[in-house]
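Residue strings, one per chain:
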Amino acid sequence: MDYFNYKKGILHVENLSIESLASSIETPFYCYSSSSMQKNYNELSSTLHGLNASIFFAIKANSNLAIIKLFSDLGAGADVVSEGEIIRALKVGIPNKKIIFSGVGKTKREIAFALDKDILQINIESESELELINQTASELYKKANVAFRVNPDIEVNTHEKITTGKKENKFGIPWPDAREIFIKASKMNNINVIGLAIHIGSQLLDLDPLEKAFKIAMQATNELLDLGINIKNIDLGGGLGVNYVNETPPKFTEYAEIIKKNIDYKNINIFIEPGRRLVADAGILVTKVIHRKNNGAKNFLIVDAAMNDLLRPTLYDAIHKIQPIQEKKFINKKLFDIVGPICESGDILAKDIALGEILPDEILSINTAGAYGAVMSSNYNSRLLIPEVLVHDEDFSIIRKRPTYDEMLKSENLAKWQSL
Ligand SMILES: Cc1ncc(COP(=O)(O)O)c(C=O)c1O
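Conventions adopted
Residues numbered from 1 in each chain as written. Predicted model: local features only at pLDDT ≥ 70, side-chain atom pairs only at ≥ 80, totals over all residues. Heavy atoms only, no water. Helix = DSSP H or I, 4+ residues; strand = E, 2+ residues; numbered from the N terminus. Rg over C-alpha atoms; globule rule 2.2 N^0.38 Å. Buried < 20%, exposed > 50% of the residue type's maximum accessible area, 1.4 Å probe, protein only. Contact = heavy atoms within 4.5 Å. Areas by Shrake-Rupley, 256 points an atom, 1.4 Å probe, with all protein chains shown as cover. Lys, Arg positive; Asp, Glu negative; His and termini not counted. Charge placed at Lys NZ, Arg CZ, Asp CG, Glu CD. Near = heavy atom within 4 Å. Polar contact = N/O pair within 3.5 Å; in protein donor to acceptor, adjacent residues only side chain to side chain. Salt bridge = Lys/Arg side-chain N within 4 Å of Asp/Glu carboxyl O. Phe/Tyr/Trp six-rings, centres within 6.5 Å; stacked < 30°, edge-to-face > 60°. Pairing = 2+ DSSP bridges. Axes fitted to C-alpha atoms, helices over the stretch in contact; angles between N-to-C directions. Left-handed = near helix turned anticlockwise from the far one by under 90°. Nonpolar A, V, L, I, M, F, W, Y, C, P; charged D, E, K, R; others polar.

Visitor: Would you mind going over the overall build of the protein in detail, with residue names and values included?
Guide: In terms of regular secondary structure, the protein is built from 12 helices and 21 strands. For 420 residues, the compact-globule formula gives about 22 Å, and the C-alpha radius of gyration of the protein, at 23 Å, lands near that figure. Along the three orthogonal principal directions, the C-alpha set of the protein runs to about 70 × 60 × 40 Å. The buried share among the 420 residues of the protein stands at 54%. For the protein, long-range pairs separated by at least 24 residues make up 69% of all intrachain contacts whose partners lie at least 6 apart in sequence. About 18,900 Å² of surface is accessible on the protein, with carbon and sulfur atoms providing 49% of the total. Of note, the protein has its 49 positive side-chain charges centred 1 Å away from the centre of its 53 negative side-chain charges.

This is how it looks when you write it as structure tokens:
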């Protein structure tokens with residue numbers, strides 16, 4: 001986490017003290033470093049130089065408008081998975097021809113919206129979806145530009161809930177079947193087949209499975225080209241892992257190398273859809289200790305953030321490093337569970353972490369929380385969504401404000417037969 005460092009004993013984001021930030025914004029809140037995101041993007045982009053490659057930020061990882069705009073200004077397109085995400089991308093000025101629509105369950109309404117906006121490419125994940133797109137395009141007198149997502153049936157070493165390239169996962173179409181569907185699609189009146197896509201999972205730390213998938217994608221593309229199907233784009237998905245605790249993520253240069261080795265980049269456009277790798281280590285969740293408690297078996301620090309703010313530990317058993325905002329040299333360390341106020345035993349942000357003396361009102365940073373953090377938050381237990389703050393050098397901007405309770409309740413009403 002390059003842009004998160006202690007200066008004079010206080011954790012800073014870029015040149016802004018988190019202590020001072022937390023004195024003006026009530027905790028909990030997400031805090032992002034714009035320089036860190038820019039650095040991640042620029043490093044990736046420069047290693048892809050010469051490969052005929054375009055980056056489509058997978059906005060599901062962090063879809064705050066300011067974050068999408070930051071990547072758009074750097075030249076990224078958007079990989080989206082819903083009508084809402086298309087709306088977000090367009091709202092911050094991402095050109096329609098830089099939007100790819102992925103996802104396994106696009107509705108007719110979403111397809112019609114994408115066709116109306118004339119986006120770059122819709123990645124199809126089933127024969128049934130192909131039929132629906134052809135039908136919808138015909139009703140709108142349009143021709144849909146599509147790719148098919150091939151499921152390469154590859155084992156990856158990541159959490160089972162973020163593995164997407166095995167046959168038993170719901171994603172994509174296995175290869176021999178996909179070939180038949182490509183052929184069928186190429187004869188349809190309202191379909192223009194332009195690409196092939198893969199995405200085998202997220203938080204990948206080993207490049208071997210990705211390389212296998214790239215080989216399969218290239219072989220499949222060659223077969224299709226031989227059949228006269230004009231594949232112009234290979235979409236290699238996202239998936240690059242990050243360092244949460246002690247992981248060693250693949251280097252961008254190694255990633256670029258396996259693309260170069262396996263994909264015919266001179267004749268085909270390469271699309272990549274990174275999410276986590278661009279934003280995870282550029283964000284933290286800032287939270288305050290409310291209480292300390294020992295129930296005989298365990299020490300707990302009860303903090304003001306909870307699983308509704310950061311679901312990853314509960315959903316994926318994810319481990320995030322946690323550190324106090326005031327630098328400390330802990331002498332007598334004890335194991336703590338860091339838990340939120342939600343009425344669920346699963347509301348755990350960190351399990352058995354070794355910390356020293358931490359008192360109520362101390363502020364902690366939950367690290368590497370910039371991806372799949374704020375986007376997965378909810379109002380569970382009627383807790384308000386928390387703010388997101390973007391830092392640039394010494395300056396900051398609140399890019400999602402904490403709503404009021406009235407705002408939280410405004411879309412609800414009593415049933416017409418009820419009264420107060
Ligand atoms: C189709 C597709 N592309 C890209 C991504 C982004 O993956 P990551 O955040 O691991 O880079 C995902 C994540 O689920 C995805 O489903």
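Visitor: For the site of the ligand, give the residues involved together with the corresponding values.
Guide: As a matter of local geometry, the ligand sits amid 14 residues, with Ser202, Gly239, Glu273, Arg276 and Tyr372 nearest to it. Interatomic distance of 2.3 Å between a side-chain N/O atom of serine 202 and an oxygen atom of the ligand. Within the backbone of arginine 276, a nitrogen or oxygen atom sits 2.8 Å from an oxygen atom of the ligand. For the ligand, the protein covers 91% of the area, taking 390 Å² as the surface of the free molecule.

Visitor: Which residues make up the pattern of salt bridges, and what are the values?
Guide: The full count for this structure, using the stated rule, is 22 salt bridges. For the salt bridge of aspartate 2 with lysine 39, the shortest nitrogen-to-oxygen distance reads 2.4 Å. Taken together, the positions of aspartate 2 in the segment before β1 (4-7) and lysine 39 in helix α2 (residues 34-47) put the pair 37 residues apart, joining distant regions of the chain. Ionic pairing is found between glutamate 180 and arginine 179, a salt bridge with its closest N-O pair at 3.5 Å. A residue is classified by how much of its surface remains accessible, and glutamate 180, at 45% relative accessible area, is partly exposed.

Visitor: Quick one: what's the story with the packing of aromatic side chains, residue by residue and with numbers?
Guide: The tally for this structure, following the rule as stated, stands at seven aromatic pairs. An angle of 45 degrees between the planes, with centres 4.5 Å apart, marks the rings of phenylalanine 57 and phenylalanine 71 as tilted. Here phenylalanine 57 is found in strand β5 (residues 53-58), whereas its partner phenylalanine 71 is found in helix α3 (residues 65-74), with 14 residues between them in sequence. As far as burial versus exposure is concerned, phenylalanine 57 and phenylalanine 71 are alike and both buried. Within the aromatic cluster, the residues linked to one another by ring pairs are Tyr41, Phe57 and Phe71.

Visitor: Lay out the environment of threonine 158 with the relevant residues and their values.
Guide: Among the structural elements, threonine 158 can be located in the loop between β9 (144-151) and β10 (173-174). Between the C-alpha atoms of threonine 158 and glutamine 203, which are 45 residues apart in sequence, the distance is 6.4 Å. Each residue touching threonine 158, except ones within four places of it in the same chain, is listed here: Thr163, Ser202, Gln203 and Leu204.

Visitor: Summarise the pairing of β1; cite the residues concerned and give the values.
Guide: Note: β1 against strand β2 (residues 10-13), four bridges, orientation antiparallel. Among the inter-strand pairings, phenylalanine 4 is bridged to a residue of β2, identified as valine 13. The turn joining β1 and β2, which pair antiparallel and follow one another in sequence, is formed by two residues; a positive phi near 50 degrees is taken by lysine 8.

Visitor: Break down the packing of α2 against helix α9 (residues 252-262) for me, with residues and values.
Guide: Two elements in contact, α2 and α9, have axes whose closest approach is 9 Å; the angle formed by their N-to-C orientations is 35 degrees. Crossing handedness for the pair α2 and α9: right-handed. Note on element contacts: α9 touches α2 through Phe252, Thr253, Tyr255 and Ala256, opposite Asn40, Glu43, Leu44 and Thr47. Residue composition of the contact of α2 with α9, grouped by class: four nonpolar, three polar and one charged.

Visitor: Account for the sheet that holds strand β3 (residues 16-17), naming residues and giving values.
Guide: Taken in spatial order, the three strands of this open sheet run β1-β2-β3, and their pairing is antiparallel. At either end of the open sheet lies a strand with only one pairing partner, and these are β1 and β3.

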